[in-house]
Amino acid sequence: MLHIYLPVAERGANLLTLLGLGGVVGLLSGLFGVGGGFLLTPLLLMIGIPPAVAAASDSNQIVAAASSGTFAHARSGNVDFKMGLLLLLGGLVGGAVGVRVIKLLIATGQAGFAIRLTYVVMLGLIGSYMFVDSVRALRTARVPVARAAREAPRRASAWARLVQALPWQVDFERSAVRISVVLPLALGALVGVLSAVMGVGGGFIMVPVMVYLLRMPMHVVVGTSLFQILFTSVNVTVLQAAMNRTVDFLLALVLLVGSTLGAQVGALASRRLKADQLKILMAGIILATMVAMVLGLVLRPAALLSYEGGH
Amino acid sequence: MRRALAVAGGGFLAGLAALVSLRGAGIAAAQGERPVARDPLVEPAGAVIGVFYHGARFTVSTAADPGPPGSTPGAGPAAVAVVVSGPPVDLHLRIKRRVWGAFWAPAGDVIFERVPEAYVVHTSVPPAELAAADVLRSLGIGYESLRSPADSASEAGAFFPELVRLKESEKLFQAAVVPFRAERAAGGDRLVTDVVLPARAPAATYRVRVFRFRGGRVVWRGEGGFTISRGAANALLATLANRHGLLYGLVAVVVAVAAGLLVGFVFGSVKGH
């Protein structure tokens, strides 16, 4: 069995297990078009990587994935840099706040608990949303087109009125939308905090929000989201390394290799599978991970002591 | 009266032998025990934490002591105890309690003073058959010997069993009755056991103590050790991460970006995130 020693986590891990985890997350990334960072950190926790190290190293791994994606999208003209910079500004502030929150949590020994609890909430929300959305999509396929068309504008109007009421409206030509700068700033800040606390890129929040709330076209959404995630992850990685000493570079590198290979397999497989069935499968995986984490929080632990700093 | 004096005299001699044997096996040999060149023998003398390190295995051997023949009390082969301990540290831990009626979360602190970071005890017979509990405790054999006297009335005393559970779950604490292997060597037969430390055992110098017991008393003791040290690459990364965090973070980002661009170049694909 090939093992690897992680110098910052200060423990050994099976190399094939880490490559496998990266591969599974990469596979999901290729299948579903999400980064999978939100799934990788909980999986790392399950194999015994300290929570703070798992989250910080996951951010480091996302830097690599986001940089290749951003580069490719920028070449294709699919990045709205004006929107991306506003998201980034919010993300930098949110990331700095998140890293300080983690530092505080480490100092009080609550980092592990807080990261797990945040994951339970986020995975629960995302998994439930995906499941309901997939089931609804399967049903909508059977609903007459005229009825769906009648319902759509009614749902959008309330949100549209709220967006129009916000101050500092600006045109975003590439995305062909006119919205308040408050929205991307706030969204970026939220993703920045989550990025630091959970070690995620935030694409799983960013993409649906950009599509459904900001009404941006899908091809620009992915590129712009990756652009913002790249810089937010860079910011979080550097801050985590400088302030919390929790980035395990070797761990990030191994995960990156696994996820890269997995993503290629996933991209190939996704062409042969039906989208809604895939979404239900993904929702099942997310909810199963959440249940496992809930059990870890509510069942009596093997020992009633833990190390300080969530390690 | 004569018997009491004989017991007291025997105890005194055994105690004296145990004390002097810390500096060698000379006294033990004078008492009729098998002379050995190096006892205990610990192999290898050290382990290096490299990239593929996943723990270390050390072989500890000691001369077999068949003991005087016959069926008189104290005759027969000596029982053996091997004790491996890492450097003692003051351990600051968090106590997990139920919060909000549902979750187990850290709520409160406890400090265990001078607890070894790793502690392994191998005995050839159950500890109760080696010697009395207080004797074992005074020799540092068994988990109970790790309790600080000051802990008894404090929270550290109450949570000591949890400390053992935590450390055992990490395999940093091990206490087991093991079948010592008998091996032939140039200096005579030896009893051998393997001590396996997990990757979490810290880089440090570890103390190895071997005791032979007969009739509830120590008849011989010896001491050795081994060192676990960080390899060059590992030490460089750890030092960089811990002392130059900002530089380490920047390097990690630059390498990740380069790796990402390389991946994009090789596969030429666009991945969503």
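Residues numbered from 1 in each chain as written. Chains lettered and ligands numbered in written order. Predicted model: local features only at pLDDT ≥ 70, side-chain atom pairs only at ≥ 80, totals over all residues. Heavy atoms only, no water.

1. A few points about the pattern of salt bridges
Pairing between side chains of opposite charge can happen when their charged atoms approach one another.
Residue and element names in this part refer to chain B.
Alright, step 1. For the structure on display, the rule yields 14 salt bridges over all chains.
Alright, step 2. Across the pair Arg 190 and Asp 39 runs a salt bridge whose closest N-O atoms are separated by 3.7 Å. Taken together, the positions of Arg 190 in strand 10 (residues 190-197) and Asp 39 in the loop between helix 2 (26-30) and strand 1 (41-43) put the pair 151 residues apart, joining distant regions of the chain. One exposure class covers both Arg 190 and Asp 39, and it is buried.
Alright, step 3. With a shortest N-O distance of 2.7 Å, Asp 109 and Arg 94 are connected by a salt bridge. With Asp 109 in strand 6 (residues 103-116) and Arg 94 in strand 5 (residues 88-99), this residue pair connects regions lying 15 residues apart in the sequence.
Alright, step 4. Overall, the relative accessible area of 44% leaves Asp 109 in the partly exposed class.
Alright, step 5. Judged by relative accessible area, Arg 94 falls into the buried class, the value being 8%.
Alright, step 6. A network of salt bridges, in which partner residues are shared, links Arg 57, Arg 181, Glu 183 and Asp 194. (Salt bridge = Lys/Arg side-chain N within 4 Å of Asp/Glu carboxyl O. Helix = DSSP H or I, 4+ residues; strand = E, 2+ residues; numbered from the N terminus. Buried < 20%, exposed > 50% of the residue type's maximum accessible area, 1.4 Å probe, protein only.)

2. What to know about the interface of chain A and chain B
Alright, step 1. Tallying the contact residues gives 65 residues for chain A and 60 residues for chain B.
Alright, step 2. The junction of chain A with chain B conceals about 5,400 Å² of combined surface from both sides, 67% of it contributed by carbon and sulfur atoms.
Alright, step 3. The largest per-residue losses of area from chain A upon contact with chain B belong to Tyr 5, Leu 305 and Tyr 307 of chain A, which jointly make up 15% of the total buried on that side.
Alright, step 4. Ionic pairing is found between Arg 230 of chain B and Glu 10 of chain A, a salt bridge with its closest N-O pair at 2.9 Å.
Alright, step 5. Between chain A and chain B we count 11 residue pairs in polar contact (both at pLDDT 80 or more) in total.
Alright, step 6. Ranked by the residues each element gives to the side of chain A that touches chain B, the list is headed by helix 3 (residues 51-75) of chain A, at 11 residues.
Alright, step 7. Class assignment of the residues belonging to the side of chain A that touches chain B gives a composition of 39 nonpolar, 20 polar and 6 charged.
Alright, step 8. Sheet analysis places strand 5 (residues 305-307) of chain A next to strand 5 of chain B, joined by 3 bridges and oriented antiparallel. (Contact = heavy atoms within 4.5 Å. Buried area = accessible area lost by both parts, 1.4 Å probe. Polar contact = N/O pair within 3.5 Å; in protein donor to acceptor, adjacent residues only side chain to side chain. Nonpolar A, V, L, I, M, F, W, Y, C, P; charged D, E, K, R; others polar. Pairing = 2+ DSSP bridges.)

3. Focus on helix 3 of chain A
All names here are of chain A.
Alright, step 1. Its 25 residues give helix 3 an end-to-end C-alpha distance of 36 Å, which sits within 8% of 36 Å, the value for a rise of 1.5 Å per residue.
Alright, step 2. Burial of helix 3 is extensive: 22 of the 25 residues sit out of reach of the surface.
Alright, step 3. Gly 77 occupies a position one or two residues after helix 3 and carries a positive phi of about 75°. (Expected span 1.5 Å × (residues − 1).)

4. Observations regarding the packing of aromatic side chains
Alright, step 1. Taken as a whole and judged by the stated rule, the model has 12 aromatic pairs over all chains.
Alright, step 2. When the centroid spacing of 5.2 Å and the interplanar angle of 65° are considered together, the rings of Phe 227 of chain A and Phe 231 of chain A count as edge-to-face. Of the two residues, Phe 227 of chain A and Phe 231 of chain A are both situated in helix 9 (residues 218-244); the distance of 4 residues between them amounts to about one turn of the helix.
Alright, step 3. Residue class for Phe 227 of chain A comes out buried when judged on its relative accessible area of 7%.
Alright, step 4. Residue Phe 231 of chain A is classed as partly exposed on the basis of its relative accessible area of 36%.
Alright, step 5. Their ring planes at 15° and their centres at 5.2 Å tell us that Tyr 206 of chain B and Phe 226 of chain B sit as a pair that is stacked. Within this pair, whereas Tyr 206 of chain B is found in strand 11 (residues 204-214), its partner Phe 226 of chain B is found in strand 12 (residues 217-230), the two being separated by 20 residues in sequence. (Phe/Tyr/Trp six-rings, centres within 6.5 Å; stacked < 30°, edge-to-face > 60°.)

5. Quick look at the confidence of the model for chain B
Residues shown with low pLDDT carry predicted positions that ought not to be read at fine detail.
Residue and element names in this part refer to chain B.
Alright, step 1. Summarising the model, chain B shows a mean pLDDT of 81, and 80% of its residues fall at 70 or more.
Alright, step 2. The element-level mean pLDDT for chain B is lowest in helix 2, coming to 37, with strand 7 (residues 119-123) highest at 96.
Alright, step 3. Within the model, pLDDT remains below 50 along residues 1-36, and this stretch shows 31 contacts once partners closer than five positions in the same chain are excluded. (pLDDT = per-residue confidence, 0-100.)

6. A short note on the nonpolar core
Alright, step 1. With 80 residues, the main nonpolar core has Phe 38 and Leu 44 of chain A as its most contacted residues.
Alright, step 2. With 11 residues, helix 5 (residues 111-140) of chain A is the largest single contributor of residues to this core.
Alright, step 3. Taken domain by domain, the makeup of this core includes at least three residues from each of domain 1 (12-230) and domain 2 (231-273) of chain B.
Alright, step 4. Contacts of Phe 38 of chain A, omitting those with residues within four sequence positions, involve Tyr 119, Leu 123, Val 200, Phe 204, Met 282 and Ile 286 of chain A. (Core = buried A, V, L, I, M, F, W, Y, C linked by side-chain atoms within 4.5 Å. Domains from an automatic or database assignment.)

7. Details of the side chain of Asn 14 of chain A
Alright, step 1. Within the secondary structure, Asn 14 of chain A sits in strand 2 (residues 11-14).
Alright, step 2. Of the polar contacts made by the side chain of Asn 14 of chain A, one reaches the backbone nitrogen of Thr 17 of chain A; its length is 3.1 Å.

8. What about the sheet that holds strand 9 (residues 181-183) of chain B?
Residue and element names in this part refer to chain B.
Alright, step 1. A sheet is described by the order of its strands in space; here 4 strands give the open sequence 1-3-10-9, paired in antiparallel fashion. Both edges of this open sheet fall to strand 1 and strand 9, since each of them pairs with a single strand only. Mean inter-strand twist for the sheet, computed between neighbouring axes without regard to direction, equals 30°.
Alright, step 2. Direction of pairing for strand 3 (residues 56-63) relative to strand 10: antiparallel, over a ladder of 8 bridges. (Axes fitted to C-alpha atoms, helices over the stretch in contact; angles between N-to-C directions.)

9. Observations concerning the environment of Leu 305 of chain A
Alright, step 1. Residue position: Leu 305 of chain A is located in strand 5.
Alright, step 2. Given a relative accessible area of 1%, Leu 305 of chain A falls into the buried group.
Alright, step 3. Every residue in contact with Leu 305 of chain A, bar those within four places of it in the chain, is listed here: Leu 93, Arg 94, Ile 95, Lys 96, Val 110, Phe 112, Phe 159, Glu 162, Leu 163 and Leu 166 of chain B.

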